Amino acid sequence: MNTYKFNTQCVQGTYDPKNGEPRVLPIVQSTTFEYDDSDYVADLFDLKVPGSFYTRIGNPTTGAFEGKMSMLEGGVGALATSSGQSASFMAIANICSAGDHIISSTSIYGGTYNLFDVSLRKLGINVIFIDPDADLADIIACATPQTKAVFAETIANPSMNVLDFEKFSAAAKSLSVPLIIDNTLATPFLCRPFEHGANIVIHSATKYTDGHATSLGGIIIDGGNFNWNNGKFPGLVEPDSSYHGLKYMETFGAAAYIVKARVSLLRDFGCTVSPFNSFMFHLGLETLHLRMERHSENALKLAEFLETHPKVDWVKYPGLKSSSYNTLAKKYLPKGSSGILTFGIKGGATAGKDLIKHLDLVALVVHLGDLRTSILHPASTTHRQLDASKQADAGIYPEMIRVSVGIEDIDDIIKDFDKALKAV
Ligand SMILES: *Cc1c(COP(=O)(O)O)cnc(C)c1O
């Protein structure tokens, strides 16, 4: 499958049925797997042979989803998790312990911000937030000897910044730490972060991976392109006492990070995705290329319509020529800028709430990446746990409306907005 083009990999990778097997990936809804011989099971436990033995750590349906996502991102392996949140948490926890430190962009999803700013600090992992548009030297200056990772989003939700990969990967390289990228909004169809210096990619699979708003899940993909044996990451190099002294780097080479995340973190924390959800994500990926193309096309048309509307103050969409991120969008998102845009309505939060009431086709939903167009007022919903100054840091303003543009006919979407804007 690796020799096929991206769109073919979406449709047919990596599930490959043998003679007489189901054409469509089966849902293996089983917690356990039967074996003839205790010695074989012992070898499974010792990671000497591959295979499923308990669904908390691995399952064939989930394995097919992981394999496809790893292929689409161009990684060496992937680990599916119960949510995007658990993927972000485990991506960090796999290489950080109490006393360690990470550098994160301020422009990130509100839930990730809380995870880093509140929960990771309680576990003794310190986070410093940096404006993604800061200079390289300022990013590097945030580091301490305990810094273990740099974290950012390809397209930030919902501030709509496009990441300057060249700068962020240069910062991570000069600190000898991995660059961890949340690629949820872009998806590998629009941007493949490993090609721009990222080392680990995570997704909320809940969003465009699923694409139909049915299932919650996340995934971590390992680029296999970071040398963990640089003195900073003893957990990947030194013996793991919970596996009879197994050394991940020595045994698994380029896939050390993702194997450790599975066999130690997923084993211990148990943030496992259900096989049914993995089936839905795998099914969603079969049309990822078609959906992302249409989401991007529709979002650009809606952004252009809103930009000229007298009742709209401003529009943020990286695909717009007027966007300050348009140059970065052209460089890193040549196939389109995804389906999310934000705009400021004249009349502030009150007018925004009024607008939402007058929409028929477009629904008020706490979600994005669905094929149905949806709308949200972030300041009062997804980012309400942040105070006003932290909201501003994350690019959230009171008058700001976020639209997740779907794949309906664009004429109907624009008509709905036009009618609702007139009514405000
Ligand atoms: C939704 C989202 C998450 C969290 O994912 P869940 O699946 O809801 O836990 C993380 N990052 C981004 C960019 C998101 O949009």
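Heads up: the structure comes first, above all this text.
The residue numbers shown here count from 1 along each chain, following its written sequence. Residue-level local features of this predicted model are given only where pLDDT is at least 70; pairs of side-chain atoms are given and counted only at 80 or more, and the full residue set underlies all totals for whole chains, interfaces and linings. Side-chain measures were taken over the full set of non-hydrogen atoms in the model, leaving aside hydrogen atoms and water.

Q: For this particular structure, what's the right way to read the site of the ligand?
A: In the neighbourhood of the ligand, 13 residues make up the surrounding shell, with Gly-84, Asp-182, Ser-204, Thr-206 and Lys-207 lying closest. Two N or O atoms form a polar contact when they lie within 3.5 Å of each other; inside protein one atom must be a possible hydrogen donor and the other a possible acceptor, and for residues adjacent in sequence the pair counts only when both atoms belong to side chains. The contact in question runs from an oxygen atom of the ligand to an N or O atom on the side chain of Asn-157, over 3.0 Å. Within the side chain of Ser-204, an N or O atom sits 2.8 Å from an oxygen atom of the ligand. In this description, accessible areas are obtained by the Shrake-Rupley approach with a 1.4 Å probe, and a residue is regarded as covered only by the protein chains that are shown. Within the complex, 94% of the 380 Å² of free accessible area of the ligand lies under protein. Polarity classes work like this: nonpolar for Ala, Val, Leu, Ile, Met, Phe, Trp, Tyr, Cys and Pro, charged for Asp, Glu, Lys and Arg, and polar for all others, with Gly in that last group. Class assignment for the residues of the shell around the ligand results in one nonpolar, nine polar and three charged. By convention in this text, a residue qualifies as near a molecule or strand provided that one of its non-hydrogen atoms is within 4 Å of it.

Q: Before we go on, may I ask you to explain the packing of aromatic side chains in this structure?
A: A ring pair, where both rings are aromatic, is described by two values, the distance of the centres and the angle of the planes. Pairing of aromatic rings covers Phe, Tyr and Trp, the last through its six-membered ring, and needs centres within 6.5 Å; plane angles under 30 degrees mean stacked, over 60 mean edge-to-face, and all others mean tilted. Scanning the model with the defined rule gives 14 aromatic pairs in all. Here Tyr-35 and Tyr-40 contribute two aromatic rings whose centre-to-centre distance is 5.4 Å and whose plane-to-plane angle is 35°, an arrangement assigned as tilted. The interplanar angle of 75° and the centroid separation of 6.3 Å between the aromatic rings of Phe-343 and Phe-417 together place this pair among those described as edge-to-face. Separated by 74 residues along the polypeptide, Phe-343 in strand E9 (residues 340-345) and Phe-417 in helix H17 (residues 410-423) bring together distant segments of the chain. A single burial state applies to Phe-343 and to Phe-417, both of which are buried. Three or more aromatic residues joined by ring pairs form one cluster here, namely Phe-226, Trp-228, Phe-233 and Tyr-257. Over a ring means this: the NZ of a Lys or the CZ of an Arg is within 6 Å of the ring centre and within 35 degrees of the ring normal. Positioned above the aromatic ring of Tyr-109 is the side chain of Lys-207, whose terminal nitrogen or guanidinium carbon lies 5.0 Å from the ring centre. Here the basic side chain of Lys-335 rests over the ring of Phe-189, its NZ or CZ set 3.9 Å away from the ring centre. The way it works is that DSSP assigns letters per residue, a run of H or I at least four long becomes a helix, a run of E at least two long becomes a strand, and they are numbered from the N terminus. Exposure classes here rest on a 1.4 Å probe applied to the protein chains alone. A residue is buried below 20% of its type maximum, exposed above 50%, and partly exposed in between.

Q: In this structure, what is going on with unusual backbone geometry? I would like to understand it.
A: Note: most peptide bonds trans; most residues except glycine with negative phi. At the junction of Gly-13 and Thr-14, the peptide bond is cis and its omega measures out at -10° in the coordinates. The residue after Asn-157, namely Pro-158, is reached through a cis peptide bond having omega 0°. Structurally, Pro-158 is set in the loop between strand E4 (147-153) and helix H7 (165-175). You will see that Met-160, though not glycine, has its phi angle at about 70°, which is positive. By the element assignment, Met-160 lies in the loop between E4 and H7. In this structure Met-160 comes out as buried when scored by relative accessible area, which is 2%.

Q: Help me understand the packing of helix H13 (residues 288-307) against H17 in this model?
A: Angle between the axes and distance between the axes are the two parameters that describe a pair of packed helices. Think of each axis as a best-fit line through the C-alpha atoms, taken over the contacting stretch in the case of a helix, with angles from 0 to 180 degrees between the N-to-C directions. Following both chains from N to C, one finds H13 and H17 inclined at 30°, their axes separated by 10 Å at the closest point. With respect to each other, H13 and H17 are oriented roughly parallel. Both H13 and H17 take part in a crossing whose hand is right-handed. Residues Asn-298, Lys-301, Leu-302, Phe-305 and Leu-306 of H13 form the contact with H17, whose own contacting residues are Ile-410, Ile-413, Ile-414, Phe-417, Asp-418 and Leu-421. Should an angle fall under 35 degrees it is called roughly parallel, over 145 degrees roughly antiparallel, and 65 to 115 degrees roughly perpendicular, with every other angle called oblique. Each helix crossing is assigned a hand: it is left-handed if the near helix lies turned anticlockwise from the far helix by less than a right angle, otherwise right-handed if that turn is clockwise. Note on contacts: a residue pair is in contact if any heavy atoms of the two residues lie within 4.5 Å.

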